[in-house]
Amino acid sequence: MSELPSPGSEILDALYRGDQSTVQAQLAESPDLTLYEAAAVGDAARVHELLLLEPGFVDQWSPDGFTALHLAAFFGNDDVAAELLQRGADANAVSQNRLSVQPLHSAAAGGHTGVARLLLEHGADPNARQEGGFVPIHAAAQSGNDELYELLVAAGADQEAATDDGRTAADFRESS
């Protein structure tokens, strides 16, 4: 499987790698974060500042095909996700890359129940399909996150939804 394009930011590259020392060094060196960097590191004040300067930023896409909401969701930044949603971010935005993920997929992949709850409250589709037919409940089952799993079920997630290769949430639970 091919790699996603680089997000074009040392901070985002380091976050994706889990390299916190590089993230901290970059934050110390370059405090003027882009919207995507601020969303990913959880800098709600910077996100707020940027959206005051240009409200349209909420609808823009990062070089690797994600919105700021996708990044806040993936990295579990509840305050940032709430700010973006309040300012009109689309809870069902589909990434502009081969993954075809929505912010709820990102939150589920990161195991971030709080962000998932916010997204569902703002109309996120609990049965949205991404590449391979994966739905958010598959990620919750695979990680063993029972709280997220139950939240998704309560929101109408189909426990019998199958991936393109036929696996269901029960299959992911068995293999975790």
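Structure: see above.
Here is a short report on the structure shown in this document.

Rules and cut-offs
- Residues numbered from 1 in each chain as written.
- Predicted model: local features only at pLDDT ≥ 70, side-chain atom pairs only at ≥ 80, totals over all residues.
- Heavy atoms only, no water.
- Phe/Tyr/Trp six-rings, centres within 6.5 Å; stacked < 30°, edge-to-face > 60°.
- Helix = DSSP H or I, 4+ residues; strand = E, 2+ residues; numbered from the N terminus.
- Buried < 20%, exposed > 50% of the residue type's maximum accessible area, 1.4 Å probe, protein only.
- Contact = heavy atoms within 4.5 Å.
- Polar contact = N/O pair within 3.5 Å; in protein donor to acceptor, adjacent residues only side chain to side chain.
- Salt bridge = Lys/Arg side-chain N within 4 Å of Asp/Glu carboxyl O.

Moving on: the packing of aromatic side chains. Scanning the model with the defined rule gives 4 aromatic pairs in all. Ring centres of Y16 and F75 lie 5.8 Å apart, and the angle between their planes is 40°; on these two criteria the pair is classed as tilted. With Y16 in helix α1 (residues 10-17) and F75 in the loop between α5 (68-74) and α6 (78-86), this pair connects stretches of sequence that are 59 residues apart. Judged by relative accessible area, Y16 falls into the partly exposed class, the value being 34%. Judged by centre distance (5.7 Å) and plane angle (50°), the rings of F134 and F172 are tilted. In this pair, F134 sits in the loop between α8 (113-121) and α9 (136-143) while F172 sits in helix α11 (residues 169-175), placing the two residues 38 residues apart along the sequence. When its relative accessible area of 25% is taken as the criterion, F134 is described as partly exposed.

Among all positions of α8, only T113, V115, A116, L118, L119 and L120 are buried. On its buried face, α8 is in contact with α5, α6, α7 (103-110) and α10 (146-154). Residue G123 follows α8 closely and has a positive phi angle near 90°.

Take S62: it is sitting in the loop between α4 (44-53) and α5. At a separation of 2.5 Å, a polar atom in the side chain of S62 contacts the side chain of D64.

For the structure shown, the criterion picks out 8 salt bridges. Note that R129 and D164 form a salt bridge whose closest N and O atoms lie 3.7 Å from each other. Of this pair, R129 sits in the loop between α8 and α9 while D164 sits in the loop between α10 and α11; the two residues are 35 residues apart in sequence, bridging distant segments of the chain. You can call R129 partly exposed: its relative accessible area is 41%. Between R167 and D165 there is a salt bridge, with its nearest N and O atoms 3.1 Å apart.

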